[in-house]
Amino acid sequence: MGKEITLTVRDVNSRGQGVAVGEDGKVVFLDGGLPSEVVRVSLETDKKNYSTAKILDIEVPSEHRITPRCPWYGLCGGCQLQHGSYDLQLEIKAKSVRDAMERIGRMRVDRLVCHPSPMQWGYRNKASFPVRSENGGEIGFFRSGSHKLAPIDGCPVLMPHVEKLYVDFRDTVMPELKRNGVPFYDERRHKGLLRHMVFRGNREGSLLALAVVTSLRDCRGKELLERSLARLKETTQTSFSGVWNENSSRGNRILGERSSTIWGDGVITEKISNYDLSYDGTAFFQVNPFQAERLFLRASSIVAERGGAVVELYAGVGALTVILAKAAKTVLAVEEWAPAIERLLENVSRNGLDNVKGICNRAEDTVRTMVEAKPDVIVVDPPRGGCASEVLDAVTESSADMLVYVSCNPSTLARDGAKLVSDGWELATLECFDLFPQTVHVETLASFKRTARG
Ligand SMILES: C[S@@+](CC[C@H](N)C(=O)[O-])C[C@H]1O[C@@H](n2cnc3c(N)ncnc32)[C@H](O)[C@@H]1O
């Protein structure tokens with residue numbers, strides 16, 4: 001046990017840890033502390049620039065401290081803020097975006113709102129559960145910061161029918177697979193067949209189960225797994241697709257490139273602002289459709305102020321594209337994942353839109369086409385790593401005078417924003433949308449206007 005001291009928590013960092021300052025002036029990170037709380041801690045590690053400590057006692061709790069609803073909170077790594085009220089969660093998220101924009105982006109942010117999610121529980125349409133060979137075969141979530149499984153009985157942020165599918169799979173399919181000797185994945189030895197189950201659903205109750213296996217050639221294992229899964233389907237009174245995905249690689253990437261449908265049409269269809277959007281088991285789709293809809297409508301209303309020709313990079317299956325298509329004269333959508341761009345084109349025509357073109361390529365390999373398209377507005381919604389610098393160079397080289405940036409990572413938004421500002425752009429609007437209640441994650445919508453041409 002380390003030295004015991006009393007600290008006042010000043011802040012919460014981007015990992016959801018409380019931040020305090022120790023007696024030696026060094027920053028101390030504490031799991032579970034909320035701003036203004038006075039806590040008795042035991043110091044655990046002492047690094048050059050920071051220490052970590054464990055909370056022994058909360059001497060003065062925050063007025064925002066609440067009892068976490070989920071019994072597995074803290075055990076599984078999924079949520080980080082369940083011990084804080086929802087108002088405080090929104091405040092923490094807005095502050096984390098403002099801090100990133102000011103510290104990394106060197107941009108001034110006066111006032112920043114974080115729009116609350118219409119649903120704080122039961123909103124999430126997707127969960128990926130690792131399956132491992134330990135203890136004869138287990139399914140669950142990874143424990144916080146490790147690859148050991150937390151055998152959870154449910155997850156209250158999941159849509160209830162998606163949560164039920166996990167529970168049914170664990171209680172009925174797992175025992176049958178064990179009895180039949182289906183090999184579960186052993187991560188250390190990179191052996192075994194079934195390595196992940198991904199469950200997805202829509203707001204109307206449709207379901208999709210995607211089984212990630214190391215090999216699609218293991219006929220016996222596949223047949224046994226298919227039979228057990230089919231029994232699960234028989235008991236489900238809803239539209240339900242089953243899909244294989246093959247991932248033979250080592251490492252943390254969940255999905256491989258090859259998929260095939262076991263039964264059903266292999267897609268989920270979600271309604272976003274009156275548009276029907278289909279996506280397959282492997283494609284990106286925002287996990288909180290209730291709030292994603294609001295984000296997309298707001299992004300599109302910013303684009304509508306300018307209108308004209310839009311280039312949209314990182315377009316996915318076109319959930320934002322179809323809404324942009326109403327606000328713009330034309331949309332050129334770029335997406336690197338082939339199954340996603342196929343869906344995007346289908347989604348566009350199913351919704352009767354004829355002003356959208358799609359390109360299947362990496363954004364950084366499409367920069368010439370993007371400049372030659374002579375856009376008025378560019379919209380980007382990149383993954384956590386943000387935009388490649390050549391993409392930002394092309395934004396500046398292009399004819400666009402407005403850039404709308406949807407971001408799931410405040411640090412890379414701030415980094416990219418700083419580059420844009422030094423290239424002659426200014427931050428015009430900034431707001432946050434809480435798409436991930438109970439977690440530290442936040443979605444940010446920023447728009448930039450050109451102030452000078454080089
Ligand atoms: C955050 S998602 C946004 C998708 C879409 N806007 C939506 O909300 O449904 C990012 C998308 O970018 C795609 N992507 C990732 N890296 C890319 C790249 N270098 N070039 C083009 N697309 C990329 C991913 O496949 C994913 O569909």
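Above this note sits the structure.
Note that the coordinates shown come from a computational prediction; the quantities given were computed from them, not determined experimentally.

Okay, the overall build of the chain next. Within the chain, the secondary structure is distributed over 9 helices and 24 strands. A compact globule built from 454 residues would reach a C-alpha radius of gyration of about 22 Å, and the chain, at 23 Å, matches this within 12%. Across its three principal directions, the C-alpha atoms of the chain cover 65 × 60 × 35 Å. Counting across all 454 residues of the chain, residues that qualify as buried make up 44%. Counting only contacts in the chain whose residues sit at least 6 apart along the sequence, the fraction spanning at least 24 positions is 62%.

With that settled, consider the environment of Thr-396. Along the chain, Thr-396 turns up in helix α8 (residues 389–397). Under the C-beta neighbour-count criterion, Thr-396 is labelled partly exposed, with 18 such atoms within 10 Å. C-alpha of Thr-396 to C-alpha of Arg-450: the two residues are 54 residues apart in sequence and 8.5 Å apart in space.

This next bit is on the sheet that holds strand β8 (residues 126–132). One key point about sheets: their strands pair by backbone hydrogen bonds, in either a parallel or an antiparallel sense. Reading across from one edge, β9-β8-β12-β13-β14-β15 is the order of the 6 strands in this open sheet, with mixed pairing throughout. Across the chains shown, the open sheet's two edge strands, defined by having one partner strand only, are β9 (138–139) and β15 (258–263). Two elements, strand β14 (residues 240–246) and β15, share 5 bridges in a ladder whose sense is antiparallel. Among the inter-strand pairings, Trp-244 is bridged to a residue of β15, identified as Ser-260. Packed onto the sheet, helix α2 (residues 160–179) meets β8, β9, β12 (194–201) and β13 (207–213) and runs at close to 145° relative to β12. Strand contacts of helix α3 (residues 219–234): β12, β13, β14 and β15, with the helix running at about 165° to β13, the strand carrying the most contacts.

The rules behind the values
- Residues numbered from 1 in each chain as written.
- Predicted model: local features only at pLDDT ≥ 70, side-chain atom pairs only at ≥ 80, totals over all residues.
- Helix = DSSP H or I, 4+ residues; strand = E, 2+ residues; numbered from the N terminus.
- Rg over C-alpha atoms; globule rule 2.2 N^0.38 Å.
- Buried ≥ 20, exposed ≤ 12 C-beta atoms within 10 Å, placed from the backbone.
- Contact = placed C-beta atoms within 7 Å.
- Pairing = 2+ DSSP bridges.
- Axes fitted to C-alpha atoms, helices over the stretch in contact; angles between N-to-C directions.

Purely spatial values, then, with no claim about function.
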